[in-house]
Amino acid sequence: MNDGTDKVELTSVGIQVDENGDLPFTGPQYNYAADLEPSDIMNSNTDTKCRPENTNKSPRRTVWPFSKSKKKDERNGPVTVATGRSIEAKPMSPDQLNNPDRETWGKKIDFLLSVIGFAVDLANVWRFPFLCYKNGGGAFLIPYVLFLIFGGIPLFYMELVLGQYNRESAISVWKICPMFKGAGWAVVLMAFYVALYYNVIIAWSIYFLIASFTKILPWTTCDNVWNTILCDDGSFNYSGDGVTTGAINDNSPATEFYERGVLEMHKSAGIDDLGGIKWQLCLCLLATIVIVYFALWKGVRSSGKVVYVTATMPYIVMTILLIRGATLPGSLDGIKYYLTPKFDKLLTAEVWMDAASQIFYSIGAGFGVHIAFASYNKFNNNIYKDALITSSINCVTSFFSGFAIFAVLGYMARKKDVEIGSVATQGPGLVFIVYPEGLATLPGAQFWSIIFFIMLITLGLDSSMGGFEAVISGLTDEFPHIFKNKRELLVGCVTATVFLLALANITYGGIYVFHMLDYFAAGTSLLFAVLCEAIAVSWFYGVDRFSEDIEKMLGFKPGHWWRIMWKFVSPLFLSFIVTVGIVSYTPLTMDNYTYPTWANVLGWAIALSSMILIPLVAIVKVATEKGSFKQRLALAMTHEQERDTVKETWNVRQFKKQHWMSV
């Protein structure tokens, strides 16, 4: 090393040493003596300056700074530390900077498939195609792509960076700005709420799958015990927004099988009359929970292998269904109906609102899942490329699924001699009534039904696994002293709790509970949580500092375009959707059924139970600090690793104009 007195800053740990390389530590908390370990440096005060001490009594050892590539930091080199004995130090990888003991994905493809599997879910099949044809066909792609570029991808990229750099899940990642930890609690709670009804859809799919192994599909005839005298197997007049209530024109065999054979909702008068539990659905739900448990109990090493099946199977089945559908008479009419642009629709506000909300939910931001998944990556993983690849695949999948859906709908419309619009719908009604009836008219109907419901099950499973992982990793990282090395027990407790609470959805009136949870659990509340997340990162933590974090991982800073998106466009994008969601709220209904007032109040209580955590935690954080209000506010906004430095100097970056003006 050179003889000089210039200081060299070890940026990775915030320690300054002179070129002589001696690092005796005389701080108040640690004494670097014979038992000094490399990991101790990571825990040192970020403002500590170690004074050189030349002595012949203490042999030295070499500790390497934490930059993996010397090309990324020219100052990367050996530093000698005075100790009481000679110890050979090993180089430390960047993965050891944050949470060195954290589990990592077995392979890079495990992470990519997990992210794609979570984002590509049932909504890609039952919602996007309907919205596309409803809002101008091919013209709908214009606002959809615009919101993807200016809102969806930046938010998606932000969440992945948060997880990978900090190597923490959705709650503990907010050590970067503790007063916003409520946003982490909110998204984890919402992921739990969603699990209460989302797994029920998988249970329905399992029920239909089992029913497909029959000589005659039960949704094709009117001579079953659940059928009414109004059942008409020669007509198809279903229309609705998801679930019908047995109206006079909704008596096709498929409708009656779903409503009376599977749900048995005719035994309930509404949400205040749930009735008993249907035991067959209970077993299907139990099977779903058991599958999820064994997929998650060993961590990402086990779930990363399960997604090899659950994330790829839908593409295989979707392609098979598209090829088969394209050979049917009328299929081209359906595809034309799906794609034909109606540019005049772009002049209506509803189209843009639908595009904004769809791209947000399609990306899957806000549930804490992307943060959790990315936290298991290696520190130098190219998360930028991953964000572009996975978000693009997700949106292309939505568009691709529309061809498979509308090819069959076009065939059904011609077969029934009706307009395509009369058979096009969304939600459970599409995948459990309309599409199964169409498949039932094909030769080898059992085969087509089996692979279709296998596709639904796999679409649901990896999304369900992602939601559970957000909850489990969130609790594990926030309370490591309780749950560390007890993952199997925690997974069992969480999945068992979800199973017990989800039983309300499989009662005779369970569909009313399902619809209420779907409407309130993660709607406006989810948008609000992500809005707070975007503001916290871009404004309070600082987009400039966030960019520096990316540079430490990837070796380059994001361009001004990304920083402008994060600081200005994404918050405005989310504010727009939140405002529209609140203004356009109407009391909850389900087809012809109007929910009682108490059900709407309960729904809003569920929504507010997660939203209120954000301001509540912020108030508690500020109130529990010591000092003047300004000092307490400063500590609540300060990264947890910098608290001691701030207490000594009260030099707070958030109190400087430059912090708020930087881009």
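Residues numbered from 1 in each chain as written. Predicted model: local features only at pLDDT ≥ 70, side-chain atom pairs only at ≥ 80, totals over all residues. Heavy atoms only, no water.

### Let's talk about the overall build of the chain
Inference 1: In terms of regular secondary structure, the chain is built from 26 helices and six strands.
Inference 2: Counting every atom, the chain has about 27,300 Å² of accessible surface; 61% of that belongs to carbon and sulfur. (Helix = DSSP H or I, 4+ residues; strand = E, 2+ residues; numbered from the N terminus. Areas by Shrake-Rupley, 256 points an atom, 1.4 Å probe, with all protein chains shown as cover.)

### Let's talk about the pattern of salt bridges
Inference 1: According to the stated counting rule, one finds 15 salt bridges in the structure shown.
Inference 2: Where Glu 478 meets Lys 181, a salt bridge forms, and the shortest distance between an N and an O atom there is 3.2 Å. Placement of Glu 478 in helix α16 (residues 445-478) and of Lys 181 in helix α6 (residues 181-211) is noted, with a sequence separation of 297 residues between them.
Inference 3: On the accessibility criterion, Lys 181 (10% relative accessible area) is buried.
Inference 4: Of the charged contacts in the structure, one is a salt bridge between Glu 264 and Lys 267, with a shortest N-O distance of 2.6 Å.
Inference 5: Given the relative accessible area of 43%, Lys 267 is considered partly exposed. (Salt bridge = Lys/Arg side-chain N within 4 Å of Asp/Glu carboxyl O. Buried < 20%, exposed > 50% of the residue type's maximum accessible area, 1.4 Å probe, protein only.)

### A few points about unusual backbone geometry
A negative phi angle characterises most non-glycine residues, just as the trans form characterises most peptide bonds.
Inference 1: If you check the backbone angles, Asn 485 has positive phi at about 65° while not being a glycine.
Inference 2: Note that Asn 485 resides in the loop between α17 (480-483) and α18 (487-502).
Inference 3: The exposed category is assigned to Asn 485, whose relative accessible area is 74%.
Inference 4: Phi is positive for Trp 650, close to 50°, though the residue is something other than glycine.
Inference 5: Relative to the helices and strands, Trp 650 is located in the loop between α25 (643-649) and α26 (657-661).

### Some remarks on the packing of helix α2 (residues 108-119) against helix α14 (residues 383-416)
Inference 1: Taken N-terminus to C-terminus, the directions of α2 and α14 make an angle of 40°; their axes are 10 Å apart at the nearest point. By the angle class used here, α2 and α14 are oblique. Here α2 and α14 pass one another in a crossing that is right-handed. Judged by residue contacts, Lys 108, Phe 111, Leu 112, Val 115, Ile 116 and Ala 119 of α2 engage Ile 383, Asp 386, Thr 390, Ile 393 and Asn 394 from α14.
Inference 2: Residue classes in the contact of α2 with α14 are distributed as seven nonpolar, two polar and two charged. (Axes fitted to C-alpha atoms, helices over the stretch in contact; angles between N-to-C directions. Parallel < 35°, antiparallel > 145°, perpendicular 65-115°, else oblique. Left-handed = near helix turned anticlockwise from the far one by under 90°. Contact = heavy atoms within 4.5 Å. Nonpolar A, V, L, I, M, F, W, Y, C, P; charged D, E, K, R; others polar.)

Shape is all these values report; function is a separate question.
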